[in-house]
Amino acid sequence: MTVSYTLEVANAKFGGFSKLLFRWRGSIYKLLYKEFLVFCLLYSFFSVFYRFFLTEKQQLLFENVALYCDQFTNFIPMSFVLGFYVTLAFNRWWGQYTSFPLPDNLMMVVSGNVHGLDERGRLLRRTLMRYANLSSVLILRSISTRVRRRFPTLEQVVDAGFMTPLEHRQLDGLYSDFNKYWMPLTWFTNLASRARQEGRIRDDVALRLLMDELNNYRGKCSLLFHYDWISIPLVYTQVVTLAVYSFFGFCLISRQFLNPEKGYKGHQLDLYVPVFTLLQFFFYAGWLKVGELIINPFGEDDDDFETNQLIDRNIQVSMLAVDDMHQNLPPTEKDKFWVERYFSVPYSTGTETLRPTFMELNEIIYINEYTVNCEPICQD
């Protein structure tokens with residue numbers, strides 16, 4: 001389930017983000033603690049091994065290797081590689097979010113242009129929207145592990161009411177090597193054409209509007225299909241992962257505290273715990289984890305998209321819009337401000353009622369123009 005915290009940071013205040021640092025679900029601590037513990041254990045192993053199990057000659061060799069690694073480790077361009085990769089992954093994540101097929105526009109057009117209060121009209125509207133929702137379910141089954149777990153086979157889709165047994169047989173009967181999410185949309189277009197022939201859709205303009213909205217809906221389903229098909233190139237993901245892992249692999253040696261009595265530059269203190277190295281691991285490895293999290297938001301992580309809830313929402317509002325709310329209008333009445341030319345909407349007690357700056361500016365401009373226009377009259 002997506003972790004939402006927008007209400008807690010609605011107002012900027014002292015330490016506003018600080019309270020978010022103590023959350024566990026969806027946090028960087030939950031994602032990174034295993035790798036962090038492994039890094040700490042490996043660092044402790046090399047530290048103990050260097051201090052207590054090596055001879056003086058072996059310690060000297062270890063110290064030379066540590067100094068050499070510390071000299072050249074910074075040649076790995078961590079910030080550049082990670083920053084560009086996470087930016088690319090975030091843009092892909094946002095693109096997938098905006099590509100999620102929502103039926104809101106389509107259901108409005110269906111409700112307003114497929115007429116008929118009888119059973120046939122109701123059947124046409126509900127079936128059209130069921131086909132649209134079935135298409136999104138089929139595409140989400142192929143890209144989302146949550147939806148796949150909910151509908152492991154098409155029989156579960158039939159049982160859920162998105163598809164009839166006859167439609168299931170027809171879907172299986174058409175051979176194709178590719179995802180057949182487009183078939184319900186083809187049924188939609190054929191049924192809309194039949195509704196036009198029956199006069200349920202009054203004119204070709206309304207049919208064209210319906211087809212345009214359907215094509216927008218289909219385009220988003222197609223985008224999700226291609227986002228799942230075409231990933232960020234594997235070589236780039238491998239380069240970023242190798243860069244991070246190799247950097248901190250060398251840090252296990254190069255960031256060891258060497259014997260301060262030998263006078264090595266930068267090793268005047270022996271603190272045992274590499275605080276800043278651990279912080280660096282937390283930030284860089286956490287950055288990599290962010291990319292790992294958002295590269296595919298259709299999994300089962302805490303911050304992945306709630307695809308099952310979106311499916312439930314879409315089918316419910318679709319049927320309400322084209323069935324219960326079709327031509328179900330409240331009586332039209334004169335509004336509260338019918339006889340008032342200038343009016344203001346009241347505020348509840350405790351609501352701040354500051355005048356917007358643009359209103360004050362408009363009043364100043366109006367007064368200045370009025371004064372300029374009145375000057376000739378005043379002189380006369």
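Residues numbered from 1 in each chain as written. Predicted model: local features only at pLDDT ≥ 70, side-chain atom pairs only at ≥ 80, totals over all residues. Heavy atoms only, no water.

### Quick word on the nonpolar core
Part 1: Leu106, Val110, Leu140, Val157, Phe188 and Leu210 are the most contacted members of the largest nonpolar core, which has 49 residues in total.
Part 2: A per-element tally of this core places helix α5 (residues 119-143) first, with 11 residues.
Part 3: The residues contacting valine 157, other than those within four sequence positions of it, are Leu134, Val137, Arg141, Phe151, Phe162 and Met163. (Core = buried A, V, L, I, M, F, W, Y, C linked by side-chain atoms within 4.5 Å. Buried < 20%, exposed > 50% of the residue type's maximum accessible area, 1.4 Å probe, protein only. Helix = DSSP H or I, 4+ residues; strand = E, 2+ residues; numbered from the N terminus. Contact = heavy atoms within 4.5 Å.)

### A few points about helix α10 (residues 204-229)
Part 1: The end-to-end C-alpha distance of α10, which contains 26 residues, comes to 36 Å, matching closely the 38 Å that a straight helix rising 1.5 Å per residue would cover.
Part 2: Among the residues of α10, Ala206, Leu207, Leu210, Met211, Glu213, Leu214, Tyr217, Cys221, Ser222, Leu224 and Phe225 are the ones counted as buried.
Part 3: Two to three positions downstream of the cap, the backbone nitrogen of valine 205 sits 3.2 Å from a side-chain oxygen, assigning the N-cap of α10 to aspartate 203. (Expected span 1.5 Å × (residues − 1). Polar contact = N/O pair within 3.5 Å; in protein donor to acceptor, adjacent residues only side chain to side chain.)

### Some words on the packing of aromatic side chains
Part 1: By the definition in use, this model includes 29 aromatic pairs.
Part 2: Geometrically, the ring pair formed by phenylalanine 39 and phenylalanine 281 is stacked, given 4.6 Å between the ring centres and 15° between the ring planes. In this pair, phenylalanine 39 sits in helix α1 (residues 28-52) while phenylalanine 281 sits in helix α12 (residues 275-294), placing the two residues 242 residues apart along the sequence.
Part 3: Owing to a relative accessible area of 7%, phenylalanine 281 belongs among the buried residues under this scheme.
Part 4: Note on phenylalanine 298 and phenylalanine 305: the rings are 5.4 Å apart at their centroids and 85° apart in plane angle, and the pair reads as edge-to-face. (Phe/Tyr/Trp six-rings, centres within 6.5 Å; stacked < 30°, edge-to-face > 60°.)

### Observations concerning the packing of α1 against helix α2 (residues 56-72)
Part 1: α2 packs onto α1 with a crossing angle of 140° between their chain directions and a minimal axis gap of 9 Å. Regarding the angle of α1 to α2, the classification is oblique. Residue-level inspection shows Phe46, Tyr50 and Arg51 of α1 in contact with α2, the latter providing Gln59, Phe62 and Glu63. (Axes fitted to C-alpha atoms, helices over the stretch in contact; angles between N-to-C directions. Parallel < 35°, antiparallel > 145°, perpendicular 65-115°, else oblique.)

### Remarks on the environment of tyrosine 50
Part 1: You can see tyrosine 50 is positioned in helix α1.
Part 2: In this structure tyrosine 50 comes out as buried when scored by relative accessible area, which is 3%.
Part 3: In the structure, tyrosine 50 is positioned 10 residues away from leucine 60 in sequence and 9.9 Å away in space, judged by C-alpha atoms.
Part 4: If sequence neighbours within four positions are ignored, tyrosine 50 has contacts with Gln59, Phe62, Glu63, Phe257, Leu258 and Asn259.
Part 5: Here glutamate 63 takes part through its side chain, which lies 2.6 Å from a polar atom of the side chain of tyrosine 50.
Part 6: A distance of 3.2 Å separates the side chain of tyrosine 50 from the backbone nitrogen of asparagine 259, its partner in a polar contact.

### Let's talk about the packing of helix α9 (residues 183-197) against α10
Each pair of packed helices gets described by two things: the angle between the helix axes and the distance between those axes.
Part 1: At a minimum axis distance of 11 Å, the contact between α9 and α10 shows a crossing angle of 175°. Taken together, the axis directions place α9 and α10 in an arrangement best described as roughly antiparallel. Seen from α9, the contacting residues are Leu185, Phe188, Thr189, Ala192 and Arg196; seen from α10, they are Asp204, Leu207, Leu210, Met211, Leu214, Tyr217 and Arg218.
Part 2: Considering only residue class, the contact of α9 with α10 consists of 8 nonpolar, 1 polar and 3 charged. (Nonpolar A, V, L, I, M, F, W, Y, C, P; charged D, E, K, R; others polar.)

### Focus on unusual backbone geometry
Part 1: Phi angles above zero are rare outside glycine, and tyrosine 272 is one such case at about 70°.
Part 2: Within the fold, tyrosine 272 resides in the loop between α11 (234-254) and α12.

### Considering the state of the cysteines
Put plainly, a disulfide is one covalent bond tying together the sulfur atoms of two cysteines.
Part 1: Applying the stated criterion across every chain, the model contains 0 disulfides.
Part 2: For the unlinked cysteine cysteine 40, the closest cysteine sulfur is that of cysteine 251, found at 13 Å. (Disulfide = S-S within 2.5 Å.)

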